[in-house]
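The primary structure of each chain is shown beneath.
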Amino acid sequence: LSHAGYTFGGWYDNGEFNGTAVTKIDLGSTGNKLLYAKWTANTYSVIFNANDGTNNTFSQNFAYDEEKALTANSFERTGYTFLGWSATTSGEKTYNDKASVQNLTAVQTGEVSLYAVWMPISYTITYATAYESVENSSYTVEYTTTLPTLSHAGYTFGGWYDNAEFNGTAIAKIDVGSTGNKLFYAK
């Protein structure tokens, strides 16, 4: 016999499945027989993958027909917000964090891989300038962002600085991998 998500455990002469399974009816036996099929729910594991995030993978065990919440995400990724889980490394979100799921596979001791879905955080760039108005903008950890060059009649633009005293070196770009809101002062 077969039943999706379950393993057949044999025939029993009682509904509590006590004793040993009945494998044959002996020659010479008489009378009607009532036999009960024993089914055991298959177990499987959900493997959670950081998908470029921090920490190691972890897993959670399930049984077929068991509805249970996915373990809460413990992965982190600098510059990104966790959105949920996907069945592929580059897929769209399929499950929210801690979503209640059931029957992700019917295979006994099967494994289902879920991958963290990340969205880059949009950080604000604020420009402080005395002469020319520059609209605030944003950037993400994924790209290098070049800062605008200014011009004002009678003045030479000396670059952008991360302090109002113009100490240090002028900043021309925000490098890939950078995080946090930025405030730049025009010299």
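Reading guide: rules and limits
- Residues numbered from 1 in each chain as written.
- Predicted model: local features only at pLDDT ≥ 70, side-chain atom pairs only at ≥ 80, totals over all residues.
- Heavy atoms only, no water.
- Helix = DSSP H or I, 4+ residues; strand = E, 2+ residues; numbered from the N terminus.
- Buried < 20%, exposed > 50% of the residue type's maximum accessible area, 1.4 Å probe, protein only.
- Polar contact = N/O pair within 3.5 Å; in protein donor to acceptor, adjacent residues only side chain to side chain.
- Salt bridge = Lys/Arg side-chain N within 4 Å of Asp/Glu carboxyl O.
- Phe/Tyr/Trp six-rings, centres within 6.5 Å; stacked < 30°, edge-to-face > 60°.
- Pairing = 2+ DSSP bridges.
- Core = buried A, V, L, I, M, F, W, Y, C linked by side-chain atoms within 4.5 Å.
- Contact = heavy atoms within 4.5 Å.

Undergrad: Which parts of the structure should I look at to understand the environment of Thr7?
TA: Mapped onto the elements, Thr7 comes out in strand 1 (residues 6-12). On the accessibility criterion, Thr7 (38% relative accessible area) is partly exposed. In sequence terms Thr7 and Asn42 are 35 residues apart; their C-alpha atoms lie 6.3 Å from each other. Side-chain polar atoms of Thr7 contact the side chain of Asn42, separated by 2.5 Å.

Undergrad: I keep staring at the pattern of salt bridges and nothing clicks. Help me out?
TA: Once their charged atoms are close, side chains differing in charge can pair, the charge on each being opposite to the other. For the structure on display, the rule yields two salt bridges. One salt bridge connects Asp52 with Arg77, and the closest N-O pair in it is separated by 4.0 Å. Remark: Arg77 occurs in the loop between strand 5 (68-69) and strand 6 (80-86) and Asp52 occurs in the loop between strand 3 (43-49) and strand 4 (58-63); sequence separation between them is 25 residues. Across the pair Asp175 and Lys173 runs a salt bridge, and its minimum N-O distance is 3.7 Å. The exposure class assigned to Asp175 is partly exposed, which follows from its relative accessible area of 40%.

Undergrad: Help me understand the packing of aromatic side chains, please; the structure alone is not making it clear to me.
TA: Aromatic ring pairs: the centre-centre distance and the angle between the two ring planes describe each pair. Tallying each qualifying case throughout the model produces 16 aromatic pairs. A ring pair is formed by Tyr12 and Phe17, whose centres lie 5.6 Å apart and whose planes are at 85°; its orientation type is edge-to-face. Look at Tyr12 and you get buried, because its relative accessible area is 8%. With a centroid separation of 5.6 Å and 80° between ring planes, the pair formed by Tyr161 and Phe166 is classed as edge-to-face. On the accessibility criterion, Tyr161 (7% relative accessible area) is buried.

Undergrad: How do you make sense of the sheet that holds strand 9 (residues 123-128) when you look at a structure like this?
TA: Reading across the sheet, the four strands line up as 10-9-14-12 and stay open at both edges, with mixed pairing between neighbours. With one partner strand each, in any of the chains shown, strand 10 (137-139) and strand 12 (160-161) form the two edges of the open sheet.

Undergrad: Which parts of the structure should I look at to understand the nonpolar core?
TA: Among soluble globular proteins, nonpolar side chains are generally buried collectively. In this structure, Val46, Phe48, Leu70, Phe75 and Trp85 are the most contacted members of the largest nonpolar core, which totals 18 residues. Only strand 3, strand 4, strand 6 and strand 8 (110-120) provide two or more residues apiece to this core. Looking at this core element by element, the count peaks at four residues for strand 8. If near-sequence neighbours (up to four positions away) are discounted, Val46 is found in contact with Phe58, Ser59, Gln60, Phe62, Leu70, Leu104, Val112 and Leu114. In this structure, Val134, Tyr139, Leu150 and Ala186 belong to the second largest nonpolar core, which totals eleven residues.

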